[in-house]
Amino acid sequence: MTMTLADAGVLLAAYLLGSLSGSLLLGRLRGVDIRRHGSGNAGGTNALRTLGWRFALGVVVIDVGKGALAAWLGLRFAQGFAYPAAALAVVGHVWPLWHGFRGGKGAATVVGALLVLWPQALLPLLAVWALVLVASGYVGLSTVLAMASLPVFAWWQQAGPARTGFALAMALFLLFTHRGNLQRLRRGTESRFERARLLRRRRAGA
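These notes cover the structure that comes with them. (Residues numbered from 1 in each chain as written. Predicted model: local features only at pLDDT ≥ 70, side-chain atom pairs only at ≥ 80, totals over all residues. Heavy atoms only, no water.)

On to the packing of aromatic side chains. Counted by the stated rule, this structure contains seven aromatic pairs. With centroids separated by 5.3 Å and ring planes inclined at 55°, the aromatic side chains of Tyr83 and Phe166 adopt a geometry described as tilted. Of this pair, Tyr83 sits in helix H5 (residues 82-94) while Phe166 sits in helix H9 (residues 161-177), placing them 83 residues apart in sequence. Here the aromatic rings of Trp95 and Phe176 are separated by 6.3 Å at their centres, their planes lie at 50°, and the arrangement is tilted. Highlighted residues: Trp95 in the loop between H5 and helix H6 (107-117) and Phe176 in helix H9, separated in sequence by 81 residues. By relative accessible area, which is 35% here, Trp95 ends up partly exposed. Judged by relative accessible area, Phe176 falls into the partly exposed class, the value being 38%. (Phe/Tyr/Trp six-rings, centres within 6.5 Å; stacked < 30°, edge-to-face > 60°. Helix = DSSP H or I, 4+ residues; strand = E, 2+ residues; numbered from the N terminus. Buried < 20%, exposed > 50% of the residue type's maximum accessible area, 1.4 Å probe, protein only.)

Rendered as structure tokens:
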């Protein structure tokens, strides 16, 4: 597949879009750098824990939206490079040019890309994420296992090389970005999102 100058421009635009971090942009309006609070991560989970659900909702909308927009640009203007464009938006979120290459972990941006490129994959992915979160209370573990289910879903659906490659690449990339969560989980120091542990709360109530 030959890359044109227009294709390269779309890929660059996708990375630059990904570099617009929702938590850091909204944090500037409040005079807050979220990387100096909580876990130090510029993502939705840390935004929720440190600045509340309204702020976190704005962060998620921006981070999902930029993934969707990057994927749409790839489909519209560089059809053979839609999945690479989506992947570069995720890379931009993790290593944002505009924010000193210190960003989030990429999950919401992946969801935004899937919303445009492969919406059928969202339901099983979100189902795995929710089930693990309800059972364990660990957001990082839920995200890693949900993304690990994406290549399995691609194989089961015989999704083709582009989707399968994207699924595998994103699963491995989010495993890398969540390596700190997994290390803390192994040491027993990972923070739980206790309000999500519905099974434990039901047992306690019984």
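Structure shown, so let's carry the discussion forward.
The full count for this structure, using the stated rule, is three salt bridges. A salt bridge links Asp33 to Arg35, with the shortest nitrogen-to-oxygen separation between them at 3.1 Å. When its relative accessible area of 22% is taken as the criterion, Asp33 is described as partly exposed. With a relative accessible area of 17%, Arg35 lands in the buried category. Two residues, Lys66 and Asp63, come together in a salt bridge whose shortest N-O distance is 3.4 Å. Taken together, the residues span about one helical turn, with Lys66 and Asp63 both in helix H4 (residues 53-77) at a distance of three residues. (Salt bridge = Lys/Arg side-chain N within 4 Å of Asp/Glu carboxyl O.)

Attention now goes to the environment of Met147. Positionally, Met147 belongs in helix H8 (residues 139-157). Each C-alpha atom of the pair Met147 and Leu12 lies 25 Å from the other, and the pair is 135 residues apart in sequence. When near neighbours in sequence (up to four residues on either side) are disregarded, Met147 contacts Val110, Leu125, Met170, Ala171 and Leu174. (Contact = heavy atoms within 4.5 Å.)

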